[in-house]
Each structure stands twice: as structure tokens, then as C-alpha cells.
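A closer look at the structure
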Amino acid sequence: PVNPGEIALVIEIADSSLTYDLGRKAAKYASYGIAEYWVLDVKARQTHVLTEPAEGAYHAATAVPFEAELKPHRLPRVSLTIASLRGIPAA
């Protein structure tokens, strides 16, 4: 079994599932103690970055445009822009 405290980051890609991913699924990940959860909103071309899980919810959320740099909190040497990833259509 995987210890949720060892998971640095979970990423979801949302097209038609955005409400579920930011609602029930986010609550489940927060209740497990997943430190950071990103939801890539392909329609709005932004990444929802959720952090600070406690009591079944994330207490910090930021929307970051696909063109902006992202840095996972628990992976300090990693940085990326979603727009630069292969398979992400241009705006």
C-alpha cells in the first residue's frame, strides 16, 4: 500500500469532470492528506492548484494560467508550464 503522506503531487486533467474533480475528488484527496492537488482545466486553460489539506478540504487554492510557471511545493527542483507540454493544444 501507498502512504498518502509520501505522495508529493496528484494531477488530474479535467474536461467534463471539473466540478467532480474540484469537489468530491478534492475532498477525498484532502482527507487522505495529499499535500498538493492540481486540476488542469482544459477548457479555461488554467491549473487549479490546491494545497493545505485539513479536515477533508484544501484551505488554499489558486488558478494558474497554462502559460505561467508551476512549481510543486514538495518537489522544489521541478518547474514547468502546462502550455509547453506535448499534447496541450495552443490557445
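Residues numbered from 1 in each chain as written. Predicted model: local features only at pLDDT ≥ 70, side-chain atom pairs only at ≥ 80, totals over all residues. Heavy atoms only, no water.

Things to note about the packing of aromatic side chains
Two measures describe an aromatic ring pair: the distance that separates the ring centres and the angle between the ring planes. As a reminder of what qualifies: Working definition: a ring pair exists when centres of Phe, Tyr or Trp rings (six-membered ring for Trp) sit within 6.5 Å. Plane angles under 30 degrees give stacked, over 60 give edge-to-face, the rest tilted. Burial classification: accessible surface area is computed with a 1.4 Å probe over protein chains only, and a residue below 20% of its type maximum counts as buried, one above 50% as exposed, and the rest as partly exposed.
For the structure shown, the criterion picks out two aromatic pairs. Relative to Tyr-37, the ring of Tyr-29 lies with its centre 4.9 Å away and its plane at 65°, an arrangement referred to as edge-to-face. Assigned by exposure class, Tyr-29 and Tyr-37 land together as buried. Both rings, one in Tyr-37 and one in Tyr-58, keep their centres 6.1 Å apart while their planes meet at 25°; by these two values the pair is stacked.

Points about the pattern of salt bridges
Note that side chains of opposite charge can pair when their charged atoms are close. Counted only if it meets this: Salt bridges are identified by distance alone: a Lys or Arg side-chain nitrogen within 4 Å of an Asp or Glu carboxyl oxygen. Helix and strand assignments follow DSSP, with helices taken as H or I runs no shorter than four residues and strands as E runs no shorter than two, numbered in order from the N terminus.
If you walk through the whole model with that rule in mind, you get four salt bridges. Taking the shortest distance from any N to any O, the salt bridge between Asp-21 and Lys-25 comes out at 3.6 Å. For Asp-21, a relative accessible area of 2% gives the class buried. Residues Arg-45 and Glu-67 are paired through a salt bridge, measuring 2.9 Å at the closest nitrogen-oxygen approach. Of this pair, Arg-45 sits in the loop between strand 2 (36–41) and strand 3 (46–54) while Glu-67 sits in the loop between strand 4 (57–65) and strand 5 (69–70); the two residues are 22 residues apart in sequence, bridging distant segments of the chain. For Glu-67, a relative accessible area of 48% translates into the label partly exposed. Each of the salt bridges in this network shares a partner with another, and the network as a whole consists of Glu-12, Asp-21 and Lys-25.

Concerning the nonpolar core
For soluble globular proteins, nonpolar side chains are generally found buried alongside one another. This is how the line gets drawn: Here, nonpolar core refers to any group of buried Ala, Val, Leu, Ile, Met, Phe, Trp, Tyr and Cys residues whose side-chain atoms link them within 4.5 Å. Residue contacts are defined here by distance: any two heavy atoms, one from each residue, within 4.5 Å place the two residues in contact.
Within the largest apolar cluster, 10 residues are counted, these being Val-10, Ala-14, Ala-26, Tyr-29, Ala-30, Ile-34, Tyr-37, Val-39, Leu-50 and Tyr-58. Ranked by residues supplied to this core, first place goes to helix 2 (residues 24–32) with three residues. With sequence-adjacent residues up to four places away left out, Leu-50 is seen in contact with Leu-22, Ala-26, Ala-35, Glu-36, Tyr-37, Tyr-58, Ala-60 and Ala-61. In this structure, Leu-40, Val-49, Val-64 and Leu-70 belong to the second largest nonpolar core, which totals seven residues.

Quick look at the pairing of strand 1 (residues 10–14)
Each regular strand carries side chains that alternate between the two faces of the sheet. Where we set the bar: Strands qualify as paired when DSSP identifies two bridges or more between them.
Burial of the side chains of strand 1 is restricted to one face: Val-10, Glu-12 and Ala-14 are buried, whereas none of Ile-11 and Ile-13 on the reverse face is. The sheet contact formed by strand 1 and strand 2 spans five bridges and is parallel. By the bridge assignment, Glu-12 is partnered in strand 2 with Val-39.

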